[in-house]
Amino acid sequence: QVQLVESGGGLVQAGGSLRLSCAASGRAFNSNGMGWFRQAPGKERDFVTAINWSGATTYYADSVKGRFTISRDNAKNTVYLQMNSLKPEDTAVYYCGARSYGNADTRESQYAYWGQGTQVTVSS
């Protein structure tokens, strides 16, 4: 079992930055591929970014490439999402997910564990 707790969400103006954190506990964190997904009101949960167990492989949705950066600190059992140049369309609840395998994946169905989500609101 893996327990995930997201933090760092909030209200920010367009063009601003936020850093989300996802703290993991339970089984060995450094063996899990991790990902961030987001869900806007009335929409499905969408892929944002993912990282493999070592941090060597990352994937990004086209909508966030060049603005968002995923990273992880296995010593702290934490994965981060640095979000820069935020836009109103980035407003959503952001969820951290953990896989049971070490590679990264863009598909929501491949994640076995989820956090409770953290709200990000970008005002225009």
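Here the structure is a predicted model, which is why all the values come from computation and not from measurement. (Residues numbered from 1 in each chain as written. Predicted model: local features only at pLDDT ≥ 70, side-chain atom pairs only at ≥ 80, totals over all residues. Heavy atoms only, no water.)

Right, let's get into the overall build of the chain. Within the chain, the secondary structure is distributed over zero helices and eleven strands. Starting at the N terminus and walking to the C terminus, you meet the elements of the chain as β-β-β-β-β-β-β-β-β-β-β. The globule rule puts the C-alpha radius of gyration for 124 residues at 14 Å, and the 13 Å found for the chain is close to it. Out of the 124 residues in the chain, the part that is buried amounts to 44%. Pairs at least 24 residues apart make up 59% of the contacts formed inside the chain by residues separated by at least 6 positions. Split by element, the accessible area of the chain, about 6,000 Å² in all, is 46% carbon and sulfur. Taking the average location of the 12 positive side-chain charges in the chain and that of its 9 negative ones, the two points are 5 Å from each other. (Helix = DSSP H or I, 4+ residues; strand = E, 2+ residues; numbered from the N terminus. Rg over C-alpha atoms; globule rule 2.2 N^0.38 Å. Buried < 20%, exposed > 50% of the residue type's maximum accessible area, 1.4 Å probe, protein only. Contact = heavy atoms within 4.5 Å. Areas by Shrake-Rupley, 256 points an atom, 1.4 Å probe, with all protein chains shown as cover. Lys, Arg positive; Asp, Glu negative; His and termini not counted. Charge placed at Lys NZ, Arg CZ, Asp CG, Glu CD.)

Now for the packing of aromatic side chains. All chains considered together, the criterion is met by four aromatic pairs. A ring pair is formed by F37 and F47, whose centres lie 5.6 Å apart and whose planes are at 75 degrees; its orientation type is edge-to-face. Of this pair, F37 sits in strand β4 (residues 34-39) while F47 sits in strand β5 (residues 45-51), and the two are ten residues apart along the sequence. For the pair formed by F37 and F47, the shared burial category is buried. Seen in terms of ring centroids, Y111 and W114 are 5.8 Å apart; in terms of plane orientation they differ by 45 degrees. Their pairing is tilted. Among the residues examined, W114 registers a relative accessible area of 27% and is labelled partly exposed. (Phe/Tyr/Trp six-rings, centres within 6.5 Å; stacked < 30°, edge-to-face > 60°.)

Our next topic: the pattern of salt bridges. By the definition in use, this model includes five salt bridges. D105 is the salt-bridge partner of R107, the closest N and O atoms lying 2.9 Å from each other. Classification of D105 by relative accessible area gives buried; the value is 8%. Bridged by salt links that share partners, the residues R38, R67 and D90 form one connected network. (Salt bridge = Lys/Arg side-chain N within 4 Å of Asp/Glu carboxyl O.)

For the rest of this paragraph, the subject is the nonpolar core. The biggest cluster of nonpolar side chains holds 32 residues, and the ones touching the most others in it are L4, M34, W36, V79, M83 and Y94. Among the secondary structure elements, those contributing two or more residues to this core are β1 (2-7), β3 (18-26), β4, β5, β7 (68-73), β8 (78-83), β9 (92-98) and β11 (118-123). (Core = buried A, V, L, I, M, F, W, Y, C linked by side-chain atoms within 4.5 Å.)

So, about unusual backbone geometry. The phi dihedral of N77 is positive, around 55 degrees, even though this residue is not glycine. Among the structural elements, N77 can be located in the loop between β7 and β8. If you check the backbone angles, S85 has positive phi at about 50 degrees while not being a glycine. Looking at the element boundaries, S85 is found in the loop between β8 and β9.

Take the pairing of β4 next. For β4, a buried count of five out of six residues is recorded, marking the element as mostly surrounded by other parts of the structure. Of the pairings in the sheet, the one linking β4 to β5 comprises six bridges and is antiparallel in character. By the bridge assignment, R38 is partnered in β5 with D46. The turn joining β4 and β5, which pair antiparallel and follow one another in sequence, is formed by five residues; a positive phi near 75 degrees is taken by G42. Pairing geometry for β4 and β9, over six bridges, is antiparallel. Bridge assignment links R38 to a residue of β9, and that residue is Y94. (Pairing = 2+ DSSP bridges.)

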